[in-house]
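# Examination of the molecular architecture
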Amino acid sequence: MTLSEIAAGLEVTTRQRDRGVATADGTNASLRERLTAFEDRLPCSAERAAAVVETYTEGASVGRAAAVATVPKTTAAKTLYLLGEPIDPLTPTAKRVVNDWLTGDLSRTDARTLAGVGDGEFALGAYVATHDPIEGADAAIADACSLDDEDPLSDARSGLSDLI
């Protein structure tokens, strides 16, 4: 018996509906409006910061998010870092080298050579070492880009009790 003979009597009786991606945002303010509170500490306007965040959270790279927001790549990386995204181009050893440069133990040329990174990465690493993320900004972004706390696939997974 072939597969075509087995499937000969099968027919589709219902259609599947595409419902899109389920998202939930309990706030009424747009991301741009929520970022306005932090605009004086961001390296770009709240509108451009919102464009960077929205593009980045959709899965784009930092460079692509920068292009969409029409800001330099370094500005986009700084914005994401200040808003709570753990962006750091340096390895642990390179971080120690940058810290030695910041304390005056190394020249910039020696530090950049020892870190083994380009000028842009070195500058961003120094920025990360000398600035803290903006307190409370990560909550504004988390609200804008998160789903409900409930696991939407919980019905599809078996629990530990199902194994016993």
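Use the structure listed above.
Residues numbered from 1 in each chain as written. Predicted model: local features only at pLDDT ≥ 70, side-chain atom pairs only at ≥ 80, totals over all residues. Heavy atoms only, no water.

Looking only at helices and strands, the protein chain has 10 helices and 0 strands in total. Taken over 164 residues, the protein chain has a buried fraction of 27%. Considering only contacts within the protein chain whose residues lie at least 6 apart along the sequence, 58% involve residues at least 24 apart. A total of about 11,400 Å² of accessible surface is found on the protein chain, and carbon and sulfur atoms cover 50% of it. (Helix = DSSP H or I, 4+ residues; strand = E, 2+ residues; numbered from the N terminus. Buried < 20%, exposed > 50% of the residue type's maximum accessible area, 1.4 Å probe, protein only. Contact = heavy atoms within 4.5 Å. Areas by Shrake-Rupley, 256 points an atom, 1.4 Å probe, with all protein chains shown as cover.)

Right, let's get into the side chain of Thr79. Among the secondary structure elements, Thr79 is positioned in helix α5 (residues 73-82). Ignoring any residue separated from it by four or fewer positions in sequence, one finds Thr79 in contact with Leu42, Pro43, Cys44 and Ala49.

Take a nonpolar patch on the surface next. A cluster of nonpolar residues, Met1, Leu3 and Ile6, forms a patch on the protein surface that exposes about 430 Å² of accessible area. Turning to its location among the elements, Leu3 is positioned in helix α1 (residues 3-6). (Patch = residues over 30% accessible without salt bridge, like charges linked within 9 Å, V, L, I, M, F, W, Y side chains within 5 Å. Salt bridge = Lys/Arg side-chain N within 4 Å of Asp/Glu carboxyl O.)

Ranked by size, the top nonpolar core spans 30 residues in total, and within it Leu35, Phe38, Leu42, Val52, Val71 and Leu83 carry the most contacts. Those elements giving two or more residues to this core turn out to be α2 (31-35), α3 (46-57), α4 (62-69), α5, α8 (119-130) and α9 (137-145). Ranked by residues supplied to this core, first place goes to α3 with 6 residues. Apart from the residues lying within four places of it in its own chain, the contact partners of Leu35 are Leu42, Ala46, Ala49, Ala50, Leu83 and Ile141. In this structure, Leu90, Ala94, Val98 and Ala111 belong to the second largest nonpolar core, which totals 9 residues. (Core = buried A, V, L, I, M, F, W, Y, C linked by side-chain atoms within 4.5 Å.)

This part takes up the environment of Ala69. By the element assignment, Ala69 lies in helix α4. Placed 17 residues apart in sequence, Ala69 and Val52 show a C-alpha to C-alpha distance of 5.6 Å. Once residues lying within four places of it in the same chain are set aside, the contact partners of Ala69 are Arg48, Ala51 and Val52.

What follows covers the pattern of salt bridges. Two side chains with opposite charge may pair up if their charged atoms get near one another. One pass over the full model with this rule turns up 3 salt bridges. When the shortest N-O distance is used, the salt bridge between Arg108 and Asp119 registers 3.9 Å. With a gap of 11 residues between them, Arg108 in helix α7 (residues 108-115) and Asp119 in helix α8 connect regions that are remote in the sequence. Judged by its relative accessible area of 38%, Arg108 is partly exposed. Relative accessible area serves as the criterion here: at 45%, Asp119 is assigned to the partly exposed category. The salt bridge involving Asp119 is made with Arg112; its shortest N-O contact spans 2.7 Å. With relative accessibility at 28%, the residue Arg112 sits in the partly exposed group.

Keep in mind that these numbers describe shape and distance, not what the molecule does.
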